[in-house]
Amino acid sequence: LNDFDQNVGLFTMLMDDFQAFMEKDLQRSQLAEDRTRQTTQSKEQVNLAKRKVAYEIAVRLAGKTIPSPAQAFLYNAWKDVLMLAYLRREREPGDWRNALTIVDQVIWSVIPPVDAAGRQELVQAIPPMLKVIRHQLEAISFDPHQMEEVLKDLETCHLACLRVSSGAEHPPEVAAKEVSIKDPDLAQAIREVRYNLPDIQDICVEEMELTG
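So, a few notes on the structure that sits alongside this text. Source: prediction; values computed, not measured. (Residues numbered from 1 in each chain as written. Predicted model: local features only at pLDDT ≥ 70, side-chain atom pairs only at ≥ 80, totals over all residues. Heavy atoms only, no water.)

It is worth spelling out the pattern of salt bridges at this point. A side chain of one charge can pair with a side chain of the opposite charge if their charged atoms are brought near each other. On inspection of all chains with the given rule, the structure shows 8 salt bridges. A salt bridge links glutamate 56 to arginine 60, with the nearest nitrogen and oxygen atoms 2.5 Å apart. With a gap of 4 residues between them, glutamate 56 and arginine 60 both fall in helix α1 (residues 9-61), about one helical turn apart. Given the relative accessible area of 9%, glutamate 56 is considered buried. Here arginine 60 ties to aspartate 104 by a salt bridge, and the two come within 2.8 Å at their closest N and O atoms. Taken together, the residues span a long stretch of sequence, with arginine 60 in helix α1 and aspartate 104 in helix α3 (residues 93-109) at a distance of 44 residues. A relative accessible area of 18% means that arginine 60 is categorised as buried. Among the residues examined, aspartate 104 registers a relative accessible area of 37% and is labelled partly exposed. If you follow the salt bridges from partner to partner, you end up with Lys50, Lys79, Asp80, Asp183 and Asp185 in one network. (Salt bridge = Lys/Arg side-chain N within 4 Å of Asp/Glu carboxyl O. Helix = DSSP H or I, 4+ residues; strand = E, 2+ residues; numbered from the N terminus. Buried < 20%, exposed > 50% of the residue type's maximum accessible area, 1.4 Å probe, protein only.)

Here it is as structure tokens:
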């Protein structure tokens, strides 16, 4: 209005500027909403991944007693590989299957074999398994110091397992121990899975995901 001097076109120009401003403001609002929605979806996907990881590990441990360091490895270190593989399963389905295979192998590798053939198989399987574990943990930028600790713990479990299988030691009386789980959300998911495990052992993945 201060610049108005019988030039009606000034109002048209100002209206155009105002409309352009409103459009940009609307775009910013929509972008913010999109980002908020993506963040919410990401949180939901992460929570689902944690429940799925808890389920898969708990099912494989059901009825088995393994050394607590091996359990700690699965729940505190390998769970990161599992979660990332699960979130990427549509693009890289093989990674999810391979990560689950390592869970099976770790559990198998800390249970003393019953005969010499089983012991020989275990001796041959441990080095390539540990190589894959190290490679996968490095690929997700797992803390190097923690990685060396968990690998050392696994090595201790393997050595004890081999000594038992060779007859050098008697099988220890292993009592089930609660493992300290660093991720509180994962710990809660594990408690829920364990509580309901008898009822969900035969449930399919899709039903578990939908029922949460």
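The next thing to look at is the environment of aspartate 115. Here aspartate 115 lies in the loop between α3 and α4 (116-139). Exposure remark for aspartate 115: the relative accessible area of 39% places this residue in the partly exposed category. Put simply, aspartate 115 and serine 165 are 50 residues apart on the chain and 7.2 Å apart in space, counted from C-alpha to C-alpha. Only 3.4 Å separates the side chain of aspartate 115 from the backbone nitrogen of alanine 117, close enough to count as a polar contact. (Polar contact = N/O pair within 3.5 Å; in protein donor to acceptor, adjacent residues only side chain to side chain.)

Worth remembering: the numbers are spatial, not functional.
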